[in-house]
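Chain residues, written in single-letter form:
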There are 2 protein chains.
Amino acid sequence: MRVALLLAYDGGAYHGWQVQPGTRTIQGLLVTALGRLVGEGVTLTGASRTDAGVHALGQVATFDTPRSLAPATIQAALNANLPTDIRVLAAASVRPGLDARRSARLKRYGYLIHAGPVPLPFLRAHVWHVGRPLDAAAMGAAFRVIRGTHDFSAFCAAGGRGRPPTCTLFAVRLVRRGSLLGLVVSADAFLHHMVRNLVGTAVEVGLGRRPSASLGDVLATRDRRQAGPTAPAHGLHLLSVRYPEPLFPGGGRRVPGGLRRSVPGP
Amino acid sequence: MRVALLLAYDGGAYHGWQVQPGTRTIQGLLVTALGRLVGEGVTLTGASRTDAGVHALGQVATFDTPRSLAPATIQAALNANLPTDIRVLAAASVRPGLDARRSARLKRYGYLIHAGPVPLPFLRAHVWHVGRPLDAAAMGAAFRVIRGTHDFSAFCAAGGRGRPPTCTLFAVRLVRRGSLLGLVVSADAFLHHMVRNLVGTAVEVGLGRRPSASLGDVLATRDRRQAGPTAPAHGLHLLSVRYPEPLFPGGGRRVPGGLRRSVPGP
């Protein structure tokens, strides 16, 4: 049977999703834990190969197993064998053709930026502390320009992952709460480092070093050298992945909405 | 001159606020860092002696120094000499009679509870994972009963800190977002373990083990043995302390409101 897992992890202690010999990766730990449960040699496919330090609240991964296990049993067994910074939020049996990566129709990422002068202890592992005032309105305007279907080569890491450079951005939203900025972006696909390069360029807009229209101009060049620096990995969060059909009971929305408004302020 | 500091810390790595020989405490690290800056033997008074593992977003502490230093210099020098899980959010020169503890008029604490089945990697250090459905309405009703001025002995740790047991709870608010519950409580003073004992008892209400009226009944007994267990330290956050006058430029509200609604959900 084919099984889909809904995963949350704090990427801080890991060299990213993908198995690499000699390093500690999310996929590596999951495959090891799955080995104990369903046997060695499991192929686990993740919707997104998140980079070192990137977090996930709703990563999805699929694997096949000849063993007929209740999804709840798989979830409990994996959580018992994984470190507490990786959690299986849900597990479900899915149709054999469902592939976490190829079947994904939409991915949503969040990026957190703190413009205030002092980095906050609670957020230091999840927020890029820019530490200077940012023009959020200019940044919001910059992001609006890039909505829709475009060739995003200018925002793709040099030596990117060899997929077609055209992506469709369905939604780009910048939310401001005091000195904290949150970007939420959803697209049918993302190029390597795309969100972080968009954020790095938008922060230059926010600092007044580039005009708001700059993101559109950079996009048109298809030249990575025209874009700004790559924003740090630890501000990036894979929020959710959508498929043609809901994979998990309750629509997979197991992460409480409270994460959106979780910690009361002073 | 007398200086007030506005402090945020992640209490996870510390044995609480108060200096204790041979242990790593917030006050201890601050006094050491102050020693380098203004000389040895500084007496630093904190508004609240937070317990081991308790966090703070708006702790206030005062000290005297014969050196005339700009508050911004003190702030920068301390932040340069403190670990990143302790931050000075603001520093200000205050009147000589202002004592962080004795002059405090109101303190506000937050307590976070997660009722969902799987603990969330991002919140594990800041939220009590109860892991079972909680009747938030019953808990809210239970907290409403204890508003106002009462003898809170029943919710004070055995061998509490020898202050009068009467406190005035100005506000008690329970916010629910999905499976996440946040309690915010403000009072003129708190007894030792008071918030954690209130939460431990309210969770028994939420689990259906006690009626909503129970908190009032327990209060009337003045008997600690009638209350529920002490909720874990890591869910508790000192949010803010209020004084007769504002201490910090901008009212000390340096923690972005975004903390209230920080991480976008999936």
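Model, not experiment: these values are computed from the prediction. (Residues numbered from 1 in each chain as written. Chains lettered and ligands numbered in written order. Predicted model: local features only at pLDDT ≥ 70, side-chain atom pairs only at ≥ 80, totals over all residues. Heavy atoms only, no water.)

All right, on to the overall build of chain A then. When helices and strands are counted, chain A shows five helices and 10 strands. Rg of the C-alpha trace for chain A: 19 Å, near the compact-globule value of 18 Å for 266 residues, within the 12% margin. Considered along the principal axes of its C-alpha atoms, chain A spans approximately 60 × 45 × 35 Å. Every one of the 266 residues in chain A was classed for burial, and the buried ones make up 59%. A separation of at least 24 residues holds for 72% of the contacts in chain A among residues at least 6 apart in sequence. Surface summary for chain A: the accessible area is close to 10,600 Å², and the carbon and sulfur share equals 51%. Side-chain charges in chain A split into 32 positive and 13 negative, and the spacing between the mean points of these groups amounts to 5 Å. (Helix = DSSP H or I, 4+ residues; strand = E, 2+ residues; numbered from the N terminus. Rg over C-alpha atoms; globule rule 2.2 N^0.38 Å. Buried < 20%, exposed > 50% of the residue type's maximum accessible area, 1.4 Å probe, protein only. Contact = heavy atoms within 4.5 Å. Areas by Shrake-Rupley, 256 points an atom, 1.4 Å probe, with all protein chains shown as cover. Lys, Arg positive; Asp, Glu negative; His and termini not counted. Charge placed at Lys NZ, Arg CZ, Asp CG, Glu CD.)

The subject of this paragraph is unusual backbone geometry. With a phi angle near 55°, A:Arg222 is a residue other than glycine that sits in the positive phi range. Tracing the chain through its elements places A:Arg222 in the loop between α5 (214-221) and β10 (236-242).

Next up on the list: the pairing of strand β1 (residues 2-9) of chain A. Residues and elements named next belong to chain A. A large share of β1 lies buried, amounting to eight of its eight residues. As defined by bridge partners, β1 adjoins strand β4 (residues 86-94) across eight bridges and the pair is classed as antiparallel. From the neighbouring strand, Leu5 faces β4, where its bridge partner is Ala91. As defined by bridge partners, β1 adjoins strand β3 (residues 55-64) across seven bridges and the pair is classed as antiparallel. (Pairing = 2+ DSSP bridges.)

Moving on, we come to the packing of aromatic side chains. All names here are of chain A. Per the counting criterion, the structure on display carries six aromatic pairs over all chains. Consider the rings of Tyr111 and Trp128, whose centres lie 6.4 Å apart with planes at 90°: the pair is edge-to-face. Here the residue Tyr111 occupies a position in strand β5 (residues 106-114), and Trp128 occupies one in strand β6 (residues 128-129), the gap between them amounting to 17 residues. On the basis of relative accessible area, Tyr111 is assigned to the buried category, the value being 0%. (Phe/Tyr/Trp six-rings, centres within 6.5 Å; stacked < 30°, edge-to-face > 60°.)

All names here are of chain A. Applying the stated criterion across every chain yields a total of 14 salt bridges over all chains. Its salt-bridge partner being Arg2, residue Asp64 comes within 2.8 Å of it at the nearest N-O pair. A residue pair is termed long-range when its members are at least 10 positions apart, and Asp64 in strand β3 and Arg2 in strand β1 qualify at 62 residues. Taking the relative accessible area as the measure of exposure, Asp64 reaches 42% and is therefore partly exposed. For Arg95, the salt bridge goes to Glu245, with nearest N and O atoms at 2.7 Å. (Salt bridge = Lys/Arg side-chain N within 4 Å of Asp/Glu carboxyl O.)

Moving on to helix α3 (residues 136-145) of chain B. All names here are of chain B. For α3, every residue scored as buried is listed here: Ala136, Ala138, Met139, Gly140, Ala142 and Phe143. Close packing links the buried residues of α3 with β5 (106-114), β8 (166-177), β9 (180-187), α4 (194-206) and α5 (214-221). Its side-chain oxygen placed 3.2 Å from the backbone nitrogen of Ala137, Asp135 serves as the N-cap of α3. (Polar contact = N/O pair within 3.5 Å; in protein donor to acceptor, adjacent residues only side chain to side chain.)

Moving on to the pairing of strand β10 (residues 236-242) of chain B. All names here are of chain B. Of all seven residues in β10, six are buried, a share of seventy percent or more. Pairing of β5 with β10 involves six bridges; the strand directions are antiparallel. Its bridge partner lying in β10, Tyr111 is registered against Leu236.

Interfaces are often sized by the accessible area lost when the parts come together. Residue and element names in this part refer to chain A. If you check the domain split of chain A, you get domain 1 (2-94) and domain 2 (106-242). A straight line from the C-alpha centre of domain 1 to that of domain 2 covers 27 Å. On the side of domain 2, 16 residues touch domain 1, which itself brings 15 residues to the contact. Both faces considered, domain 1 and domain 2 share a buried interface measuring about 1,200 Å² in area, 53% of it formed by carbon and sulfur atoms. At the junction of domain 1 and domain 2, the tally comes to one salt bridge. With its nearest N and O atoms 3.7 Å apart, the salt bridge here joins Arg196 to Asp51. If you look at where domain 1 meets domain 2, you find 13 residue pairs in polar contact (both at pLDDT 80 or more). Taken together, the residues that form the side of domain 1 that touches domain 2 break down as six nonpolar, six polar and three charged. (Domains from an automatic or database assignment. Buried area = accessible area lost by both parts, 1.4 Å probe. Nonpolar A, V, L, I, M, F, W, Y, C, P; charged D, E, K, R; others polar.)

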